[in-house]
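So the chains spell out like this:
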Amino acid sequence: MGTEGMISCIVTTYKRPVYILKRAVDSVVNQTVQDTEIIVVNDAPQDKELAEEIREMLTRYDKKIQYIVPDQSQGACKARNMGLTYAKGEFVAFLDDDDEWLPKKLEYQLK
């Protein structure tokens with residue numbers, strides 16, 4: 001059972017430019033609902049340079065973001081499931097790296 005009321009926001013990424021992933025993460029950080037955790041799963045571990053660029057970008061946020069890089073690429077579904085294993089929230093929301101949420105998305109969804 002997860003932490004009551006908290007939403008685990010799992011963002012999966014695969015070979016996406018960092019600035020696009022950043023837009024997705026920003027859209028989670030800027031939600032009106034603040035009881036969230038963010039988990040980013042990078043399913044392109046073979047690209048060490050990109051993995052480090054993502055790590056650097058994520059450390060610039062005030063909010064702690066879990067960054068998961070598996071040993072090998074396993075596809076989108078397994079990346080989401082890997083994110084779930086780290087989730088502590090009562091609720092879960094998935095976001096692809098090339099998408100972004102409107103600021104009240106989680107607020108509306110909780111209702």
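Refer to the structure above for everything that follows.
All values reported here derive from a predicted model rather than from experimental measurement. (Residues numbered from 1 in each chain as written. Predicted model: local features only at pLDDT ≥ 70, side-chain atom pairs only at ≥ 80, totals over all residues. Heavy atoms only, no water.)

> Is there a simple way to think about helix H1 (residues 18-29) in this case?
Helical geometry note: an α-helix holds 3.6 residues per turn, so side chains three or four residues apart project in the same direction. With 12 residues, H1 should cover 16 Å at 1.5 Å per step; its first-to-last C-alpha distance of 16 Å lies within 8% of that length. All of the buried residues along H1 are Val 18, Ile 20, Leu 21, Ala 24, Val 25, Ser 27 and Val 28. Structurally, H1 contributes buried residues whose contacts are with strand S1 (3-13), strand S2 (36-42), helix H2 (48-59), strand S3 (65-68) and strand S4 (89-96). (Helix = DSSP H or I, 4+ residues; strand = E, 2+ residues; numbered from the N terminus. Expected span 1.5 Å × (residues − 1). Buried < 20%, exposed > 50% of the residue type's maximum accessible area, 1.4 Å probe, protein only. Contact = heavy atoms within 4.5 Å.)

> Quick question: what am I supposed to make of the packing of aromatic side chains here?
By convention here, two paired aromatic rings are described through the distance between centres and the angle between planes. Within this structure, the stated rule accounts for 0 aromatic pairs. The cationic tip of Lys 105 hangs over the ring face of Trp 101; the distance from NZ or CZ to the ring centre is 5.0 Å. (Phe/Tyr/Trp six-rings, centres within 6.5 Å; stacked < 30°, edge-to-face > 60°. Lys NZ or Arg CZ within 6 Å of the ring centre and 35° of its normal.)

> Explain the pattern of salt bridges here, please?
It is possible for side chains of opposite charge to pair when their charged atoms get near one another. Considering all chains together, one arrives at 8 salt bridges under this definition. Its salt-bridge partner being Asp 98, residue Arg 16 comes within 3.5 Å of it at the nearest N-O pair. Note that Arg 16 is positioned in the loop between S1 and H1 and Asp 98 in the loop between S4 and helix H4 (105-110), a separation of 82 residues in sequence. What makes Arg 16 partly exposed here is its relative accessible area of 25%. By relative accessible area, which is 43% here, Asp 98 ends up partly exposed. Across the pair Asp 26 and Lys 22 runs a salt bridge whose closest N-O atoms are separated by 2.9 Å. On the criterion of helical spacing, the pair formed by Asp 26 and Lys 22 is a turn pair, its members being 4 residues apart in helix H1. Taking the relative accessible area as the measure of exposure, Asp 26 reaches 22% and is therefore partly exposed. Taken together, the shared-partner salt bridges connect Arg 16, Asp 97 and Asp 98 into one network. (Salt bridge = Lys/Arg side-chain N within 4 Å of Asp/Glu carboxyl O.)

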